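# Inside the fold
Chain by chain, the residues run as shown.
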Number of protein chains: 2
Amino acid sequence: MAENKKFVEEITPRDVDFAKWYTDIVKKADLIDYSSVKGCMIIRPYGYAIWENIQRILDKRFKNSGHENVYMPMFIPESLLNKEKKHVAGFAPEVAWVTHGGSELLQERLCVRPTSETLFCEHYAQIIHSHRDLPKLYNQWCSVVRWEKTTRPFLRSREFLWQEGHTAHATAEEAILETERMLSIYADFCCEDLNMPVIKGRKTESDKFAGAVATYAIEALMHDGKALQAGTSHYFGDGFARAFDITYTSKENKMEYVFQTSWGVSTRLMGGIIMSHGDDSGLVLPPAIAPVQVMIIPVAQHKEGVLDMAGQLCKRLQDLGIRTKVDDSDNSAGWKFSECEMKGIPLRLEIGPKDIEKNQCVMVRRDNREKVIVPLDKLENEAVSLLKTLGNAIYQKALDNLSRHTYNCVSLDEINTSLTEKGDGFVRAMWCGNEECETAIKEKTGVGSRCIPFEQINLSDKCICCGGKAETMVYWGKAY
Amino acid sequence: MAENKKFVEEITPRDVDFAKWYTDIVKKADLIDYSSVKGCMIIRPYGYAIWENIQRILDKRFKNSGHENVYMPMFIPESLLNKEKKHVAGFAPEVAWVTHGGSELLQERLCVRPTSETLFCEHYAQIIHSHRDLPKLYNQWCSVVRWEKTTRPFLRSREFLWQEGHTAHATAEEAILETERMLSIYADFCCEDLNMPVIKGRKTESDKFAGAVATYAIEALMHDGKALQAGTSHYFGDGFARAFDITYTSKENKMEYVFQTSWGVSTRLMGGIIMSHGDDSGLVLPPAIAPVQVMIIPVAQHKEGVLDMAGQLCKRLQDLGIRTKVDDSDNSAGWKFSECEMKGIPLRLEIGPKDIEKNQCVMVRRDNREKVIVPLDKLENEAVSLLKTLGNAIYQKALDNLSRHTYNCVSLDEINTSLTEKGDGFVRAMWCGNEECETAIKEKTGVGSRCIPFEQINLSDKCICCGGKAETMVYWGKAY
């Protein structure tokens, strides 16, 4: 087991240095690599396979809810970006500018899209004429660029992969419903497929998307008690429509502006998965998005019949649609076990000569290392059931972490005490709605507003900062 | 049928002006739209759905042949692009340069990838150490940018979508096999899934990819007799490996350079589909990549039971995995027929009260408008069979066009006469292998070398140009 030890020693323990543990995992589990392009990352095959599963599941959810995929240019002319004033103010400071094509200076510089509202708006102005053209429910899978100063793999990088939905509707009501519907699709996806509980809510005014009337978000709590904004959904009203002149003729034959939304999730979700479920042995992957759900490890594979049987079991699980592989490499069983753990493969299946004799195999869950002896005629049922159980268990574990680190506070002192005594987490506290108090709370306690949750609890009638009339309960936290 | 006429009138007939017919179709079939970003196109939902089908099928073929997907940064630092001299000479004149991040001037400018050899090489130098790390069989789906002067939708645009495979092998033999294998995968895909015959061959020295030892290509003949390079596969030898220092320790414990390949197809294939199969009524889509394979058009849909029955038939075909829709819009049947034709939907299924009475429906093939009366209990069998027949028929039609417009020539005069009398097409002619003759042939006849086909025919022992010893038979043609 010497290799085993060596393998594991290379990761910093999670409780010793969470940030180092995180970057160790992204490297050691072969998710990413760095290149000479500062702030950009290489997504390696194992990392990209996880992203492909995320894409596949989300894409199906989008299509089932009537959305269509398109592809817009990656460049935005400066004059186009400038059309909506708040939008350009928010994004211009962090865009990459293309100034030359070959050796020629461009007449107008182009930015590499940081987000594509302006391109979609220009297109919508061209193709929307009548109420019969509405709604337009478009989505795009692409990469976007934001010139960040400090970067971290998946969490904040200069280029990242994402999807951006952009929709146009006849009425404000419809657009608001769409904004909420997409937030729910994100939340369901996080819970059901990433086994990651999230809080649904609205962002405060200071934290809105540039150009939005309202921004909604899902917020997850990572193992270290910091919050991760995992997805956003924006309601634009008719602001962009007025800036880009997107009008339609209504049934009553009147010219009207459309109402719009946009919504997105990105490779950030990969960071969320790592920091929600990972442990000192590596990744723990939600079964729905694990590239390999069951890894079969033949024990004493040189003995007659072992590899054969491993292949047969593999085939049986694959026929059921379970992503299964056999590790028949020359490495020791111990090394293979460690690698399965590092890569977060939900189930490990061990099969050796003694198992074959007894007509059984051994299944080991990644999350709690529980071993189950499975009669071979129950293979399929047990694999399906264990994958489901594991998904539920890691969801419950993340939910427990969320509950344990959610503090109801009614004074700033209480916030500071909670964070000091129980560690970082979500603080629930009442707020008057004034930006001054929002800023003061951050200054005095270190936690910023994460969202105004849809599920409100009345903790007090007073703002935790100024003591004035409380308008709403807010989730506060330190954030990635 | 007034609408019907109006709809069709809007396309320029193919034989009147092929170029105009082409751009009419890409617009009228809702494949693309133009934006204010010069030389870039918007791929609309219907166009993108075709591309998604191409991606899905190719991706499966790549994965089945052991390839893994990755994602590299979209930027390449100038110094990295400069590492392989021939490569940078080929690409630098047509790249887009990023010079600013936000308001700051970058220390080193970055180009937007025109292709990613340099990024893959840098990565391979990092991750390849031992013979056990080989081969590396990577692929990437992304968009690339080349600053073209004149552009045409799908055929030549400043930004386009593609896949680029990049592989590293222990030996030259293995790398050459990979180059050939991927060309065959492309050729099979074009024949089987796009119903588009292609010629497999090698490019002449003057037409090689910048930095390649050998470039292989598949060439298709469009309806107008012009050639379309539909995919390329490059063998690099160890040239990039030496420039980027990609070495591995062999089984014999020696340091060796790797041998590499790259290969790609792009949204150009969309142009190939249009120009191979389309007609004066619009697109004709190969069934394998048609977003809708069967469109059900209810006749007299207001009559009781018609929409119900249309829905039932739709469900039955969908259950079989056939992409089927019902057009229950308010438009007239004539308008719906025209739209089905414009969009190239392979099969149209008509069902009305009289059909229901007789327990039948009518299926109409897009390619030849053949009507088949189908008893409802034979629905599934007939739909599957008609889709297959249609695929074969449009392949045969394209093959006939290819054969009819392939001319064996043994003198330059004969080339000119063939092209004048029979129209543009492929010219087969012997060549001595000298670039001077290649250039002279182009100057005197207008056709350039397309490829040196794998399937050689000896037409003569003499070069068609200089009369010297012929080295090989070459396909010549005018090209997109």
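Residues numbered from 1 in each chain as written. Chains lettered and ligands numbered in written order. Predicted model: local features only at pLDDT ≥ 70, side-chain atom pairs only at ≥ 80, totals over all residues. Heavy atoms only, no water.

### Examining the relation of the copies chain B and chain A
Superposition of chain B onto chain A requires a rotation of 180° combined with a translation of 0.0 Å along the rotation axis, giving an RMSD of 0.0 Å. Look at the turn and shift together and you get a two-fold axis relating the two. Among all C-alpha atoms of chain B, that of Val 98 of chain B lies closest to the rotation axis, at 2.1 Å. Here 100% of the interface residues in chain B have copies in chain A that are interface residues too; the copies meet face to matching face. (Least-squares fit on C-alpha atoms with pLDDT ≥ 70 in both. Contact = heavy atoms within 4.5 Å.)

### Some points on helix H10 (residues 306-319) of chain A
Residue and element names in this part refer to chain A. The end-to-end C-alpha distance of H10 is 20 Å, a good match for the 20 Å that 14 residues give at a rise of 1.5 Å each. By the burial criterion, the buried members of H10 are Val 306, Met 309, Ala 310, Leu 313, Cys 314 and Leu 317. The arc that holds every buried residue of H10, seen down its axis, measures 140°, which confines them to one face. Those residues of H10 that are exposed and angled more than 90 degrees off the buried face are Asp 308 and Asp 319. (Helix = DSSP H or I, 4+ residues; strand = E, 2+ residues; numbered from the N terminus. Expected span 1.5 Å × (residues − 1). Buried < 20%, exposed > 50% of the residue type's maximum accessible area, 1.4 Å probe, protein only. Arc of directions from axis to C-beta.)

### With respect to the interface of chain B and chain A
Between chain B and chain A, the residue contacts involve 53 residues of the former and 53 residues of the latter. Buried surface at the junction of chain B and chain A, both sides included, amounts to about 4200 Å², of which 60% is carbon and sulfur. Here Lys 63 of chain B makes a salt bridge to Glu 52 of chain A, at a shortest N to O gap of 3.2 Å. On inspection of chain B and its partner chain A, the count reaches 23 residue pairs in polar contact (both at pLDDT 80 or more). Its residues placed into classes, the side of chain B that touches chain A shows 30 nonpolar, 11 polar and 12 charged. Bridge count for strand E5 (residues 96-101) of chain A against strand E5 (residues 96-101) of chain B is five bridges, and the pairing is antiparallel. Across the sheet, residue Trp 97 of chain A finds its bridge partner in E5 of chain B, namely His 100 of chain B. (Buried area = accessible area lost by both parts, 1.4 Å probe. Salt bridge = Lys/Arg side-chain N within 4 Å of Asp/Glu carboxyl O. Polar contact = N/O pair within 3.5 Å; in protein donor to acceptor, adjacent residues only side chain to side chain. Nonpolar A, V, L, I, M, F, W, Y, C, P; charged D, E, K, R; others polar. Pairing = 2+ DSSP bridges.)

### Describing the pattern of salt bridges
Residue and element names in this part refer to chain A. The tally for this structure, following the rule as stated, stands at 55 salt bridges over all chains. Notably, a salt bridge pairs Asp 33 with Lys 27, separated by 3.0 Å at the nearest N-O pair. Taking the relative accessible area as the measure of exposure, Lys 27 reaches 35% and is therefore partly exposed. Several salt bridges converge on common partners, so that one network encompasses Asp 30, Arg 44, Glu 339 and Lys 343.

### Structural notes on the packing of helix H3 (residues 45-64) of chain A against helix H7 (residues 172-192) of chain A
All names here are of chain A. Between H3 and H7, the shortest axis-to-axis distance is 11 Å and the interhelical angle comes to 140°. Of the possible angle classes, the one that applies to H3 and H7 is oblique. H3 and H7 meet at a crossing whose hand is right-handed. Judged by residue contacts, Ile 54, Ile 57, Leu 58, Arg 61 and Phe 62 of H3 engage Met 182, Ile 185, Tyr 186, Asp 188, Phe 189 and Glu 192 from H7. (Axes fitted to C-alpha atoms, helices over the stretch in contact; angles between N-to-C directions. Parallel < 35°, antiparallel > 145°, perpendicular 65-115°, else oblique. Left-handed = near helix turned anticlockwise from the far one by under 90°.)

### A look at the sheet that holds strand E6 (residues 104-112) of chain B
What the six strands build is an open sheet, ordered E4(A)-E6(A)-E5(A)-E5(B)-E6(B)-E4(B); its pairing is antiparallel. Only two strands of the sheet have a single partner each, and these edge strands are strand E4 (75-77) of chain A together with strand E4 (75-77) of chain B. Between one strand and the next, the sheet's axes are offset by a mean angle of 45°, whatever the strand orientation.

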